[in-house]
Amino acid sequence: MTSKNFLYTIPVKYGVYGALLLIVLYSVMFYVGKHPLPPGFADVRFLLVPIFIFFSIKEFKDYRNDKILHFWQGLLIGFLVSFVIGVITALFIYVFAQWIAPDFLVQYIEERIQLMHMMLENKVALEKTMNEEMVQEQMRLLPQTTSFKIALTYLGKTILIGILFNIIISVILRRQPKRFT
């Protein structure tokens, strides 16, 4: 295989591994009684997505491309990893919330409403993040949330998390070939 083929096969492999790990983790968390999609930075994706991006870029660079990594290669690999993780896990969340455990969606909505009530009670924190009308609007819209909306939001956030960390990782691991003049 050429290094071009590895630009796609390695990120797909790590994306599938990452998605499977998240699926297992989310399933265990849900059945233990903790909702797997917490709001804010308590999300496990902030840890796992960068780890899988790092190892996929590192494998490509060290074992498939003679220890050379162009910035664009790192960006492509990292994007594909986060995209694959996001798509597979979002599909799982949709299927899980829609057919396997319908109370997943109910718990999600209830936790978000509780969070909004806490924000309304804590006016100081509320003033720093959003105004009271925005919170009221979110509380009004939350009951209309569907499994598809949760899955689509999950996919978008996973890709965004991947892009943010991917840029940093690609810069750190980048190594250009030496040019002779």
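Further up the page is the structure itself.
The shown structure was predicted, so the numbers you read here are calculated from the model rather than taken from an experiment.

Draft legend 1. Region of the structure containing the overall build of the chain. When helices and strands are tallied, the chain shows seven helices and zero strands. Listing the helices and strands of the chain from first to last along the sequence gives α-α-α-α-α-α-α. Looking at the 181 residues of the chain, the share that counts as buried comes to 43%. Sequence-distant contacts in the chain: of pairs separated by 6 or more residues, those separated by 24 or more amount to 78%. Accessible surface, the chain: about 10700 Å² in total, of which carbon and sulfur atoms supply 67%. For the chain, the separation between the mean place of its 18 positive charges and that of its 12 negative charges on side chains is 17 Å.

Draft legend 2. Just the environment of Gly74, in detail. In this fold, Gly74 is placed in helix H3 (residues 71-100). Residue Gly74 is classed as buried on the basis of its relative accessible area of 0%. Taking the C-alpha atoms as reference points, Gly74 and Val171, 97 residues apart in sequence, are found 8.1 Å from one another.

Draft legend 3. A look at unusual backbone geometry. A positive phi is found at Asp66, a non-glycine position, where the angle reads about 55 degrees. Within the secondary structure layout, Asp66 lies in the loop between helix H2 (45-64) and H3. Of the residues examined, Asp66 reaches a relative accessible area of 70% and is grouped as exposed.

Draft legend 4. Representation of H2. Between its first and last C-alpha atoms H2 spans 27 Å; for 20 residues at 1.5 Å apiece the expected length is 28 Å, and the two agree. Of the positions making up H2, those classed as buried are Arg45, Leu48, Val49, Pro50, Phe52, Ile53, Ser56, Ile57, Glu59, Phe60, Lys61 and Asp62. With its phi angle positive at about 55 degrees, Asp66 sits one or two positions after the end of H2.

Draft legend 5. The arrangement of the layout of surface pockets in detail. Within this model, the largest pocket holds a volume of roughly 760 Å³. Considering the residues around the largest pocket, the lining is formed by 27 residues, among which Pro39, Tyr108, Arg112, Thr153 and Lys157 are closest to the centre. In terms of residues, the lining of the largest pocket owes the most to one element, helix H7 (residues 147-173), which gives eight residues. In terms of residue class, the lining of the largest pocket is built from 17 nonpolar, five polar and five charged.

Draft legend 6. How the structure looks around the nonpolar core. In terms of nonpolar packing, the biggest core is built from 44 residues, with Tyr26, Leu37, Ile93 and Phe104 touching the most fellow members. Counting residues per element, the ones that place at least two in this core are helix H1 (3-32), H2, H3, helix H4 (103-121), helix H6 (132-141) and H7. No other element matches the nine residues that H1 contributes to this core. When near neighbours in sequence (up to four residues on either side) are disregarded, Phe104 contacts Phe30, His35, Pro36, Leu37, Ile93, Phe96 and Ala97.

Criteria and thresholds
Residues numbered from 1 in each chain as written. Predicted model: local features only at pLDDT ≥ 70, side-chain atom pairs only at ≥ 80, totals over all residues. Heavy atoms only, no water. Helix = DSSP H or I, 4+ residues; strand = E, 2+ residues; numbered from the N terminus. Buried < 20%, exposed > 50% of the residue type's maximum accessible area, 1.4 Å probe, protein only. Contact = heavy atoms within 4.5 Å. Areas by Shrake-Rupley, 256 points an atom, 1.4 Å probe, with all protein chains shown as cover. Lys, Arg positive; Asp, Glu negative; His and termini not counted. Charge placed at Lys NZ, Arg CZ, Asp CG, Glu CD. Expected span 1.5 Å × (residues − 1). 1 Å grid on protein atoms, 1.4 Å probe; cavity = no way out; pocket = protein on both sides within 12 Å on 5 of 7 lines; lining within 4 Å. Points joined across faces, edges and corners; volume = space filled by probe spheres on them. Nonpolar A, V, L, I, M, F, W, Y, C, P; charged D, E, K, R; others polar. Core = buried A, V, L, I, M, F, W, Y, C linked by side-chain atoms within 4.5 Å.

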